[in-house]
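Topology and contacts: notes
Next come the chains, spelled out residue by residue.
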Amino acid sequence: MPTGLTGSCLCGKVTYDTGSEPLWVTICHCKFCQRATGSDRMIQPVFERQDFSFTAATPAVFTQPSDGSGKNVNAHFCSDCGTKLALTFERWPDKIGIYLGTLDSPDAIKVGPDNSKHIFVSEAQPGTLLPPNVKIFDHHAAEIDGTPIEPTIHSKPVTT
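Source: prediction; values computed, not measured.

Rules used throughout
- Residue indices begin from 1 for each chain and proceed along its sequence in written order.
- Totals for whole chains, interfaces and linings use every residue, but because this is a predicted model, local features are given only for residues with pLDDT of at least 70 and side-chain atom pairs only at 80 or more, for both listing and counting.
- Only hydrogens and water are removed before side-chain values are computed, so all heavy atoms of the structure are retained for them.
- Here, a strand pair is defined by DSSP locating no fewer than two bridges between the strands.
- Only DSSP runs of H or I reaching four residues or more are called helices, and only runs of E reaching two or more are called strands; each is numbered from the N terminus.
- In this scheme, a residue with accessible area under 20% of its type's maximum is buried, one over 50% is exposed, and one in between is partly exposed, where area comes from a 1.4 Å probe on protein chains only.
- The criterion used for residue contact is that any of the two residues' heavy atoms lie within 4.5 Å.
- Here a Phe, Tyr or Trp ring, Trp counted by its six-membered ring, pairs with any other such ring whose centre lies within 6.5 Å, and the pair is stacked when the planes are under 30 degrees apart, edge-to-face when over 60, and tilted otherwise.
- Think of a salt bridge as a Lys or Arg side-chain nitrogen and an Asp or Glu carboxyl oxygen that are within 4 Å of each other.

Considering the pairing of strand β7 (residues 72–77)
- Here strand β6 (residues 60–65) pairs with β7 via 6 bridges, running antiparallel. By the bridge assignment for β7, threonine 63 is matched with asparagine 74.
- If you look at the hairpin formed by β6 and β7, you'll find 6 residues sitting between the two strands, and glycine 70 has a positive phi there, around 80°.
- Pairing analysis gives 5 bridges linking β7 to strand β8 (residues 84–89), with the strands arranged antiparallel. In the sheet register, asparagine 74 faces β8, and the bridge partner there is threonine 88.
- Counting the residues in the hairpin turn of β7 and β8 gives 6 residues, including glycine 82, whose phi is positive at 85°.

See the structure below:
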C-alpha cells in the first residue's frame, strides 16, 4: 500500500513509492545535473532511503564520481526507455533524491523558501534567476566532512 508519493518512468516499467513526504528540495545547477536532465538545473526532492521503494522493476544504475565531493553518485534509470528516476549518493547513503518530473503528480511538492535550497550556483547558466529568501550555495551545502556551510540569502531576486 503506497504511503508516500508515487512516480514512474516514461514507459511505466519502473515505478516507485517515496514512502514519505520529502525532507527538503534541492535545486542543483552543477554540470552533472545539467547533463543528466538536459536542462539548466535539476529539481530534486530528497527522501529517507529506508522509506523509499521501487515498486515494479528494478532500475539500472549508472555510477560516476561527483566533481564536487569525489564520492560516487548513482543515477537510477529505466533500462527500456532511459528515464532517469532517482539519485543515490555514497556521501549520503541514507538519502535518495528523485527527479521531480517523474512523480505522478509533480505539483504535489510545493517548492519554496522554507523547504528548498539552490546548490552549485557557481555553475549555473548565465542569466539564471535565483528567487528571494532561498538558501543559496556556490557549491555544496556542507563540507566534505558534513559540516554545514552558511548559505547566502537575498531579499530580492538575483541573476547569475
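Examining the environment of proline 151
- In this fold, proline 151 is placed in the loop between β12 (135–136) and β13 (158–159).
- Looking at proline 151, the relative accessible area reads 23%, which means it is partly exposed.
- Taking C-alpha positions, proline 151 is 8.8 Å from valine 134, a pair spaced 17 residues apart along the chain.
- The residues contacting proline 151, other than those within four sequence positions of it, are Lys135, Ile136 and Phe137.

Describing the sheet that holds strand β5 (residues 53–54)
- Pairing is antiparallel across the open sheet formed by 3 strands, whose spatial order is β1-β2-β5. What marks the edges here is a single partner per strand, and that holds for β1 (6–8) and β5.

Brief notes about the packing of aromatic side chains
- Tallying each qualifying case throughout the model produces 3 aromatic pairs.
- Between phenylalanine 52 and phenylalanine 54 the ring centres are 5.0 Å apart and the planes differ by 80°, which places this aromatic pair in the edge-to-face class.
- With a centroid separation of 5.8 Å and an interplanar angle of 75°, the aromatic rings of phenylalanine 89 and tryptophan 92 are classed as edge-to-face.
- Residue phenylalanine 89 is classed as buried on the basis of its relative accessible area of 14%.
- The exposure class assigned to tryptophan 92 is partly exposed, which follows from its relative accessible area of 34%.
- Among the aromatic residues, those joined into a ring-pair cluster are Tyr16, Phe52 and Phe54.

A look at unusual backbone geometry
- One non-glycine residue, phenylalanine 120, adopts positive backbone phi at about 55°.
- Within the secondary structure, phenylalanine 120 is located in the loop between β10 (116–119) and β11 (129–130).
- Residue class for phenylalanine 120 comes out buried when judged on its relative accessible area of 6%.
- The phi angle at asparagine 133 is positive, at roughly 65°, despite the residue not being glycine.
- Mapped onto the elements, asparagine 133 comes out in the loop between β11 and β12.

What to know about the pattern of salt bridges
- On inspection of all chains with the given rule, the structure shows 4 salt bridges.
- Measuring nitrogen to oxygen at the nearest pair gives 2.9 Å for the salt bridge that ties lysine 95 to aspartate 94.
- By relative accessible area, lysine 95 is classed as buried at 14%.
- With a relative accessible area of 39%, aspartate 94 lands in the partly exposed category.
- Through salt bridges with shared partners, a single ionic network connects Glu48, Asp94 and Lys95.

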